[in-house]
Amino acid sequence: EDKVVQSPLSLVVHEGDTVTLNCSYEVTNFRSLLWYKQEKKAPTFLFMLTSSGIEKKSGRLSSILDKKELSSILNITATQTGDSAIYLCAVLFSGGGADGLTFGKGTHLIIQP
Amino acid sequence: NAGVTQTPKFRVLKTGQSMTLLCAQDMNHEYMYWYRQDPGMGLRLIHYSVGEGTTAKGEVPDGYNVSRLKKQNFLLGLESAAPSQTSVYFCASSQSVYQHFGDGTRLSIL
């Protein structure tokens, strides 16, 4: 059975700290891995990773995929209270006539001022 | 450009009642999806559609039905609501890569 596991499930840090969120997967017919940020409503897209070892970066956020280890990390440097959210990892796979996303349970990140 | 719009935003039902959640997208996307999100469970796929007139089961389809009569709309029906279906329901659409999500429908079954 396909599976996506995120760790930690929750994390509380102080403003200014750097955090690393983890995502590991066991998915057949892997295509890509996606990170989403979910605040109060809809998940919003952050990154899509397809190739191993290539870092994607957007401001203080960065992410990298390790296909050999079947995992990805999401780094946030100099955290701010606005970074508080649930971070979702999802793996896109091919199969059954449609591409599907399998989501992890998410990491609930709380940034304290 | 509205993106993905879900109606209603909130609803309270009694056990045994039926209702339909509506998802509309204006991006001309082929694929549409219904998820439910429960505390500690992440997002779980209920049903999805790869195009107008087609539907398929996801991970947790029992107790739900869907229809995609028009490309821009994807309806999720609860035939006989049960307390276990209390959840936040998200609709998403995509063309090929990442999925665009609606703001969710919070549904409570008493």
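Please refer to the structure higher up on the page.
Calculation criteria
Residues numbered from 1 in each chain as written. Chains lettered and ligands numbered in written order. Predicted model: local features only at pLDDT ≥ 70, side-chain atom pairs only at ≥ 80, totals over all residues. Heavy atoms only, no water. Buried < 20%, exposed > 50% of the residue type's maximum accessible area, 1.4 Å probe, protein only. Helix = DSSP H or I, 4+ residues; strand = E, 2+ residues; numbered from the N terminus. Pairing = 2+ DSSP bridges. Salt bridge = Lys/Arg side-chain N within 4 Å of Asp/Glu carboxyl O. Contact = heavy atoms within 4.5 Å.

Draft legend 1. Fine view of the pairing of strand 4 (residues 30-38) of chain A. All names here are of chain A. Most of strand 4 sits inside the fold, with seven of its nine residues counted as buried. By the bridge criterion, eight bridges tie strand 4 to strand 9 (residues 85-93) in an arrangement that is antiparallel. Among the inter-strand pairings, K37 is bridged to a residue of strand 9, identified as Y87. With five bridges connecting them, strand 4 and strand 5 (residues 44-49) associate as antiparallel partners. By the bridge assignment for strand 5, L33 is matched with L49.

Draft legend 2. Expanded view of the pattern of salt bridges. Applying the stated criterion across every chain, the model contains five salt bridges over all chains. One salt bridge in this structure joins A:K37 and A:E39, with 4.0 Å as the shortest N-O distance. In this structure, the salt-bridge partner of B:K71 is B:E30, at a minimum N-O distance of 2.8 Å. Remark: B:E30 occurs in the loop between strand 3 (19-25) and strand 4 (31-38) and B:K71 occurs in the loop between strand 7 (64-67) and strand 8 (73-78); sequence separation between them is 41 residues.

Draft legend 3. Representation of the environment of B:V66. Residue and element names in this part refer to chain B. Structurally, V66 is set in strand 7. Through-space distance from the C-alpha of V66 to that of L45 is 12 Å; in sequence the pair is 21 residues apart. V66 has contacts with W34, H47, T55, F74, L75 and L76, leaving out every residue within four places of it along the chain.

Remember that the coordinates give geometry; whether it matters functionally is a separate question.
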